[in-house]
Amino acid sequence: MQRRDFLILAGAAAALPVSAMAEALQYKSGMLQQRLDAGETLFLDFTASWCSTCRAQGRIIEKLKAANPAYEANITFIDIDWDTYGSSQMATQMRIPRRSTLVVLKGSEELGRVVAETREDSIRALMDTALAAATSA
């Protein structure tokens, strides 16, 4: 193997864990309570692959996370597939009205939510609420 090829492969391999950490967790039953019990601040994204509003929100969330690494370092982002969990007991109990709903939770409290909102300032404000909760004593 040539040195150049080795350096390229080594660099790509080193970047893998960072890329893997950058993705939101995919929701599974029981996950929310487990994470909340561990003291984590959760940013829930009720999303559907076919939803254009959800895609727009996702682009903004990724842009904001790239601009401020503190979001990803302190907040647990969880994507919840609307097609799978939209009519679940969890979504019903949380009174989630539709896909493209973003919710911040800490402990037993809902700290904020936005529904079908694609303005960057609104999503940033929700993420800032999550960050403040995650970094407070």
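Residues numbered from 1 in each chain as written. Predicted model: local features only at pLDDT ≥ 70, side-chain atom pairs only at ≥ 80, totals over all residues. Heavy atoms only, no water.

> Hey, could you run me through the layout of surface pockets in this one?
One simple way to see leftover space: roll a probe sized like a water molecule over the atoms. In this model, the largest pocket occupies a volume close to 160 Å³. A24, D45, G58, E62 and D79 are the residues nearest the centre of the largest pocket, which is lined by 14 residues in total. Here the residues of the lining of the largest pocket are counted per class, giving six nonpolar, two polar and six charged. (1 Å grid on protein atoms, 1.4 Å probe; cavity = no way out; pocket = protein on both sides within 12 Å on 5 of 7 lines; lining within 4 Å. Points joined across faces, edges and corners; volume = space filled by probe spheres on them. Nonpolar A, V, L, I, M, F, W, Y, C, P; charged D, E, K, R; others polar.)

> I keep staring at the pairing of strand β4 (residues 101–106) and nothing clicks. Help me out?
Every other side chain in a regular strand lies on the same face of the sheet, so the side chains alternate between the two faces. Counted residue by residue, β4 has five buried out of six residues, so it is predominantly covered. With six bridges joining them, strand β2 (residues 41–47) and β4 adopt antiparallel strand pairing. Across the sheet, residue D45 finds its bridge partner in β4, namely L102. As judged from the six bridges shared by β4 and strand β5 (residues 109–115), these two strands associate in the antiparallel manner. What sits directly across from L102, in β5, is V114. Hairpin connection from β4 to β5: two residues lie between these consecutive antiparallel strands, with G107 at a positive phi of about 60 degrees. (Buried < 20%, exposed > 50% of the residue type's maximum accessible area, 1.4 Å probe, protein only. Helix = DSSP H or I, 4+ residues; strand = E, 2+ residues; numbered from the N terminus. Pairing = 2+ DSSP bridges.)

> How do you make sense of helix α3 (residues 52–67) when you look at a structure like this?
Note on helix geometry: an α-helix contains 3.6 residues per turn, so any two residues three or four positions apart are oriented the same way. An ideal rise of 1.5 Å per residue puts 22 Å on 16 residues; α3 measures up with 23 Å between its terminal C-alpha atoms. Those residues of α3 lying buried are C54, A56, Q57, I60, I61, L64 and K65. (Expected span 1.5 Å × (residues − 1).)

Geometric values such as these leave the question of function open.
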